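# Survey of secondary and tertiary structure
The lines below spell out each chain.
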Amino acid sequence: MFKKAQTLFDKIWSSHVVKEVPGGRQVIYIDNHFIHEVTSPQAFAGMRKRGIGVFRKNQTLATADHNVPTKDQHLPIKEALSKKQVDTLVQNCKDFNIELYGLGHKRQGIVHVIGPELGITQPGKTIVCGDSHTSTHGAFGNIAFGIGTSQVEQVLSTQCLILSKPKRMRINVNGQLQKGVTAKDIILYLNAQLTVGGCTGYFVEYAGSAITSLSMEGRMTICNMSIEMGARGGMIAPDQKTIDYLKGKPAVPTGEEFEKLSNYWKQLYTDPDATFDKEVSFDAEAITPMVTYGTNPGMGMSISDLIPQGNSASFAESLKYMDYKSGESLEGKEIQHVFIGSCTNSRIEDLRLVADFVKGKTKSKTVNALIVPGSKQVESQAKAEGLDKIFEAAGFELRQPGCSACLGMNEDKVPTGEYCISTSNRNFEGRQGPGARTILASPLMAAAAAIEGKIVDIRKYLN
Amino acid sequence: MEKVINLTSSAVPLPMEDIDTDQIIPARFLKGISKEGFGENLFRDWRYTSAEEKNENFVLNNPTYSGQILVAGRNFGCGSSREHAAWALADYGFKIIVSSFFADIFKENALNNGILPITVSHDQLAAIFSQIEKDPRSQFSVNLPNQNFYNDQGLHISFEVDAYKKECLLNGYDDIDYLLHSKEDIIAYEKKQMVQ
């Protein structure tokens, strides 16, 4: 089927071209569409105005995640505007006959956590959602990317988008990771090396032994933050781990059909002779536990480094906002909040890692430590494994699933001027609440900071 | 969608780099269910120091600067895919955004809302900022059919615009109009996939 040497991206893209559009764009078919309460209401309003329905409702799944409270989810949402948005989603799903995993549903959760859990996220597909972290799904070897609400409306009504093909880029990370270094550190390192706009215009494929040695959860963390370098999306070729992860998931076929499907998945790789528009390589051994010091995810450094000098006004503004200075170390800096959650790091593996570390320890009295699981399934699995008891004993609060303090659309906000070490994906000004100061880090680094009340190098615990 | 063709206006300078969509419209203002009214909260946390108090140092609060053109530092619109950022800019009255570099999703969202993003070189951007600094009333003109951004102070820039999107902007077409007319092709594609 594929003759010329092609990249994985090319293979999937070309198999989804419906037609060419005069001027160079193409109509691309979308296999799966996830929607949520924040970026869908105007799309439904547009469809009502045009008098059209959902074209392929079986390829559409809705959940409520961005706005939802993480406490008492069985009670009506207190905040009026959030309630209205969630209620609007419920009504729209009812009117347009779309499956909704809303509040109270056993499968509810962050859209990028539930897609893979359900097995809807599969290799070779095209997947979109009105959320920039849709790139997460690329960990399974598919083309997944975030879209705007106008495009949500297009996909709902035609299952297609009119796109120009992005350039292709490969990022190789080879070698063995040091102790205490996680997938999150790899992606924060890549963000720092390639900068916040460094991959704009490109669709990235991650490769190399340090990437393939990661679990599916780790791969999702990597692909999740592709957008923070400006990339249209990120992907990792499927392998046996991908197949094993998907086997038995609710949306994945069984028996002979599964065998057929997994044989197809095995063909999804970049041909050895294929070329990329850009290719960069990094050594995994050079990566250490990372922290951010500024107000975009590209402003990160090793915990052993000092905040660099910058010469732009934007750099100066950024440090002023954080109340940090060039030449300072972040080690020993006090934090008041710890947030473990978000579509980057809220999966069972993240929670296990944190539980394993905090077991028998107690959080600092000066810190609020919040753990927000990515989905109801993660929450129930954590409870089944007794992680909730470990968190409770260590003084961490285990909440109910949602996007929570990653973007502070619900009550989970960081107060003005206070510091939060967060496993989420964005340290933008005000991201976790007006005036909040965010330090991005791995779940291990966040857990260690919670214990000490200040930022520490996790490696000191591991020797 | 409203047509975009030609326009002459003064410009508002915002030289900060890497302006993310969380700054353009903070998440707590994304709770609307219509496209209207987001302009009120455009750059909310830069425009206001507290709930009521305006930040007099911020350019949108400075009466010296006004116009339908926003000129911004490189990598404008990075981060979240929220189309609310484009709605907020449009609702506030901006029709053209000039920068040396745009984030992909924002650029697409802008085009889908009748906002024209114009990419200029680093040096051209510096020249535009310097003209505005010298004379905040400096006028700039956009001619979309000819793809020119120019003025009578010596500025002449030919900019690129996706051919398909140019047609859409000039005629006020939406992608959805095109796609709804492509239904037969879409169904044919689906049938072909089923067979394979």
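By convention here, each chain's residues receive numbers from 1 onward along its written sequence. The order in which chains are written sets their letters, starting at A; the order in which ligands are written sets their numbers, starting at 1. Per-residue local features of the predicted model are confined to residues with pLDDT of at least 70, and side-chain atom pairs are confined, for both listing and counting, to 80 or more; whole-chain, interface and lining totals are unaffected and use all residues. In computing side-chain properties, one takes all heavy atoms of the structure into account and sets aside hydrogens as well as water.

## Observations concerning the side chain of S375 of chain A
- With respect to the helices and strands, S375 of chain A occurs in the loop between strand 16 (368-371) and helix 13 (376-384).
- When neighbours within four sequence positions are excluded, S375 of chain A is seen to be in contact with Q108, G109, V113, I114, E117 and P401 of chain A. Strands are runs of DSSP state E lasting at least 2 residues, helices are runs of H or I lasting at least 4, and numbering of each runs from the N terminus. In what follows, residue pairs with any heavy atoms lying within 4.5 Å of each other are defined as contacts.

## Some details on the packing of aromatic side chains
- The pairing test for Phe, Tyr and Trp rings, Trp by its six-membered ring, is centres within 6.5 Å, and the orientation test on the planes gives stacked under 30 degrees, edge-to-face over 60, and tilted for anything in between. One pass over the full model with this rule turns up 20 aromatic pairs over all chains.
- Aromatic side chains F102 of chain B and F106 of chain B sit 6.4 Å apart centroid to centroid with 15 degrees between the ring planes, which places their arrangement in the stacked category.
- For F102 of chain B, a relative accessible area of 5% puts it in the buried group.
- In our convention, an over-ring charge means Lys NZ or Arg CZ found within 6 Å of a ring centre and within 35 degrees of that ring's normal. Taking NZ or CZ as reference, K11 of chain A lies 4.2 Å from the ring centre of Y269 of chain A, over its face.
- Lying across the ring of F357 of chain A, K361 of chain A places its NZ or CZ 4.1 Å from the centre. Think of it in three bands: residues with accessible area under 20% of the maximum for their type are buried, residues over 50% are exposed, and the middle band is partly exposed, with areas taken using a 1.4 Å probe on protein chains only.

## Comments concerning empty space enclosed by the protein
Residue and element names in this part refer to chain A.
- Throughout, the protein atoms alone are placed on a 1 Å grid, and a set of points is a cavity if a 1.4 Å probe fits but cannot get out or a pocket if it is open with protein on both sides within 12 Å along at least five of seven lines; lining residues have an atom within 4 Å of a point. Grid points are joined across faces, edges and corners, and a volume is the space filled by probe spheres set on the points. Counted under the stated rule, the structure contains two cavities of 30 Å³ or more.
- The space that makes up the largest cavity amounts to roughly 200 Å³.
- Lining the largest cavity are 22 residues, with H66, D131, H133, L407 and R431 sitting closest to its centre.
- Charged means Asp, Glu, Lys or Arg here, nonpolar means Ala, Val, Leu, Ile, Met, Phe, Trp, Tyr, Cys or Pro, and polar covers whatever is left, Gly included. A class-by-class count of the residues in the lining of the largest cavity yields seven nonpolar, 11 polar and four charged.

## A few points about the side chain of D271 of chain A
Residue and element names in this part refer to chain A.
- Following the sequence through the fold, D271 ends up in the loop between helix 10 (255-266) and strand 12 (278-283).
- Residue classification places D271 among the buried positions, given a relative accessible area of 12%.
- Within the structure, D271 has its side chain in polar contact with the backbone nitrogen of Q6 (distance 2.8 Å).
- Not counting residues up to four positions away in its chain, the partners in contact with D271 are K4, A5, Q6 and K11. Pairing of N or O atoms within 3.5 Å defines a polar contact, subject to two protein rules: one partner must be a possible hydrogen donor and the other a possible acceptor, and residues neighboring in sequence count only if both atoms are side-chain atoms.

## With respect to the sheet that holds strand 11 (residues 233-235) of chain A
Residues and elements named next belong to chain A.
- Two strands form a pair only when DSSP identifies at least two bridges running between them. Read from one edge to the other, the open sheet built from four strands follows the order 11-10-9-12, with strand pairing classed as parallel. The sheet is open, and its two borders are formed by strand 11 and strand 12, each paired with just one other strand. Ignoring strand direction, the axes of neighbouring strands in this sheet form an average angle of 20 degrees.
- Pairing of strand 9 (residues 167-174) with strand 12, which is carried by six bridges, proceeds in the parallel orientation. Counted as the bridge partner of V173 is F282 from strand 12. Between N-to-C directions, angles span 0 to 180 degrees; the directions come from axes that are lines fitted to C-alpha atoms, helices contributing only their stretch in contact.

## Describing the interface of chain B and chain A
- At the junction of the two partners, chain B supplies 54 residues and chain A supplies 62 residues.
- By buried area we mean how much accessible surface two parts lose on assembly, using a 1.4 Å probe and totalling the loss over both. At the boundary of chain B with chain A, total buried surface from both sides reaches about 4,800 Å², with 58% on carbon and sulfur atoms.
- The largest contributions to the chain B side of the interface with chain A come from K31, I33 and Y189 of chain B, which together make up 16% of the buried area.
- Salt bridges, as used here, are contacts in which a Lys or Arg side-chain nitrogen is within 4 Å of a carboxyl oxygen on Asp or Glu. Counting across the interface, chain B meets chain A through eight salt bridges.
- If you look at where chain B meets chain A, you find 27 residue pairs in polar contact (both at pLDDT 80 or more).

## Some remarks on the environment of T88 of chain A
- Inspection of the secondary structure assignment puts T88 of chain A in helix 3 (residues 80-95).
- Remark: the alpha-carbon pair of T88 of chain A and V38 of chain A, spanning 50 residues in sequence, is separated by 9.8 Å.
- Apart from residues no more than four positions distant in its own chain, T88 of chain A is found in contact with P41 of chain A together with I33 of chain B.
- Only 2.5 Å separates the side chain of T88 of chain A from the backbone oxygen of K84 of chain A, close enough to count as a polar contact.

## Focus: the sheet that holds strand 4 (residues 60-63) of chain A
Residue and element names in this part refer to chain A.
- With parallel pairing, five strands are arranged side by side in an open sheet as 5-4-3-6-7. In the strand order of this sheet, the two ends are held by strand 5 (99-101) and strand 7 (143-146), each with one partner. Taken over all neighbouring pairs, the strand axes of this sheet differ in orientation by 20 degrees on average, direction set aside.
- Bridge count between strand 3 (residues 32-35) and strand 4: three bridges; the pairing is parallel. Note on strand 4: the bridge partner recorded for I35 is A62.

## Some details on the nonpolar core
- Ranked by size, the top nonpolar core spans 82 residues in total, and within it Y324, V358, F396 and I439 of chain A together with F43, F76 and L89 of chain B carry the most contacts.
- Looking at which element gives the most residues to this core, the answer is helix 15 (residues 443-452) of chain A, with eight residues.
- Setting aside chain neighbours within four positions, we find F76 of chain B in contact with I19, I24, F43, L70, L89, I97, S99, F101, F102, A103 and F106 of chain B.
- The nonpolar core is taken to be a set of buried Ala, Val, Leu, Ile, Met, Phe, Trp, Tyr and Cys residues, with the residues joined through side-chain atoms within 4.5 Å. Counting 73 residues, the second largest nonpolar core, distinct from the first, contains L190, M229, I243 and M290 of chain A.

## Description of the packing of helix 2 (residues 41-50) of chain A against helix 3 of chain A
All names here are of chain A.
- Following both chains from N to C, one finds helix 2 and helix 3 inclined at 40 degrees, their axes separated by 10 Å at the closest point. When the axis of helix 2 is compared with that of helix 3, the two are oblique. As for how helix 2 packs across helix 3, the hand of that crossing is left-handed. Only Q85, T88, N92 and D95 of helix 3 make contact with helix 2, whose side of the interface consists of P41, F44 and R48.
- Along the lines of polarity and charge, the residues of the contact of helix 2 with helix 3 split into two nonpolar, three polar and two charged. Geometric relationships in this document are graded by angle, where less than 35 degrees denotes roughly parallel, more than 145 denotes roughly antiparallel, 65 to 115 denotes roughly perpendicular, and other angles denote oblique. Whether a crossing is left-handed or right-handed is set by the direction in which the near helix is turned from the far one by less than a right angle, anticlockwise for left-handed and clockwise for right-handed.

## A few points about the domain arrangement of chain A
Residue and element names in this part refer to chain A.
- In this entry, domain limits derive from an automatic or database-based domain assignment. Structurally, chain A comprises domain 1 (8-163), domain 2 (167-238 + 269-286) and domain 3 (292-461).
- Centre-to-centre, using C-alpha coordinates, domain 2 lies 22 Å away from domain 3.
- Taken residue by residue, the interface counts 19 residues in domain 2 and 25 residues in domain 3.
- Of all residues in domain 2, K184, E217 and E228 bury the most surface against domain 3, accounting for 29% of the area lost on that side.
- Salt-bridge contacts for E228 lead to R426; the nearest nitrogen and oxygen are separated by 3.0 Å.
- If you look at where domain 2 meets domain 3, you find nine residue pairs in polar contact (both at pLDDT 80 or more).
- Residue assignment for the side of domain 2 that touches domain 3 shows that the elements contributing at least two residues are helix 6 (183-194) and helix 8 (216-224).
- Taken together, the residues of the side of domain 2 that touches domain 3 break down into six nonpolar, eight polar and five charged.

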